[in-house]
Amino acid sequence: MRIENSFIPVRGVGEKTERRLWKAGVTHWDEFDGGVVGETLADRIDTFIADGRRHLERGDISPFAEQLPAASRWRLYENVSTETCFLDIETTGLDASCNDVTTVSLHRGGETKTFVKDRDLTADRLARELEQSSLLVTFNGQRFDVPFLETCYDLDVSVPHVDLMYPCKKLGLDGGLKQIERDVGIDRELDDLSGRDAVRLWHEYERGDEGALETLVEYNRADTRNMKPLMDTVADRLHERVFEAARPSE
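Calculation notes
Residues numbered from 1 in each chain as written. Predicted model: local features only at pLDDT ≥ 70, side-chain atom pairs only at ≥ 80, totals over all residues. Heavy atoms only, no water. Buried < 20%, exposed > 50% of the residue type's maximum accessible area, 1.4 Å probe, protein only. Helix = DSSP H or I, 4+ residues; strand = E, 2+ residues; numbered from the N terminus. Arc of directions from axis to C-beta. Salt bridge = Lys/Arg side-chain N within 4 Å of Asp/Glu carboxyl O. Core = buried A, V, L, I, M, F, W, Y, C linked by side-chain atoms within 4.5 Å. Domains from an automatic or database assignment. Contact = heavy atoms within 4.5 Å.

If you look the protein chain up in an unreviewed UniProt entry, it shows as 3'-5' exonuclease from Halobiforma nitratireducens JCM 10879.

What follows is the structure, encoded as structure tokens:
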């Protein structure tokens, strides 16, 4: 599924109309001729396609992120998969007003970076990393990771964002990240550690245990690395689901 397969960002086009277009053989912008819908809607789609091509030529997917429903933003991924940043944070608690971010890991283009509090974890460093990314992918980051970073580091995280928790729910994949990884067959090291362990490991590091920090960093890095195959799996499954719904009945 690529952005060019999508018509639901157009005002007046919902999933039902999009499926009607696909069933008529209009599965890509290149195939649209206006004959399947009314004249007014056809004009809107033509305008959307023309504007959309210009955005994609510039490598800017932000307008599509704004127009797509949150549960459908997974459709952005294939266009910018190599520039996608998978991000996860660890903290000392759940309240950004009184707790700290301890580590932040980012996985992009096959490389994983981790920044550590009081070492190299700074607002400028995070801002630079996000600016280099076309798409941000998190798990529960819409409610937790992104607001935490914005509060603690005075960041404005404006990069288009896919919170994997929501497309996973569309597929019936519930629970935390590690449970969903097991459900889809993604292996993980340190499978027995939890968020509470991450807090404990940080406090052990503060008391002088460097090994605790190494374990915490590896735990944090595993979250970001494993989001990549999970995103691939989710995008493939949802692609199959939406196009299956558009296939003509025999």
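There's more to say after this.
Every buried residue of helix 7 (residues 177-184) is listed here: Leu-177, Ile-180, Glu-181 and Val-184. Looking straight down helix 7, one finds its buried side chains confined to an arc of 105°; they lie on one side.

As a further point, take the pattern of salt bridges. Here the structure, examined in full by the defined rule, presents 16 salt bridges. Residue Arg-54 is joined to Asp-51 by a salt bridge in which the shortest nitrogen-to-oxygen separation is 2.3 Å. With a gap of three residues between them, Arg-54 and Asp-51 both fall in helix 2 (residues 39-57), about one helical turn apart. A relative accessible area of 30% places Asp-51 in the partly exposed class.

What follows concerns the nonpolar core. By size, the foremost hydrophobic cluster in this structure holds 47 residues, and its most contacted members are Phe-7, Phe-32, Ile-45, Leu-230 and Met-231. Looking at this core, the elements with two or more residues in it are helix 1 (15-23), helix 2, helix 3 (62-67), strand 4 (135-138), helix 6 (165-170), helix 7 and helix 9 (210-246). Considering each element in turn, this core owes the most residues, eight residues, to helix 9. Here this core spans two domains, and each of domain 1 (3-58) and domain 2 (84-235) adds at least three residues to it. Those residues in contact with Phe-32 that lie beyond four places of it in its chain are Phe-7, Leu-21, Val-26, Val-37, Ala-42, Ile-45, Asp-46 and Ile-49. Counting 19 residues, the second largest nonpolar core, distinct from the first, contains Val-104, Leu-121, Tyr-153 and Leu-155.

Take the domain arrangement of the protein chain next. What the domain assignment reports for the protein chain is domain 1 (3-58) and domain 2 (84-235). For domain 1 versus domain 2, the distance between C-alpha centres works out to 35 Å.

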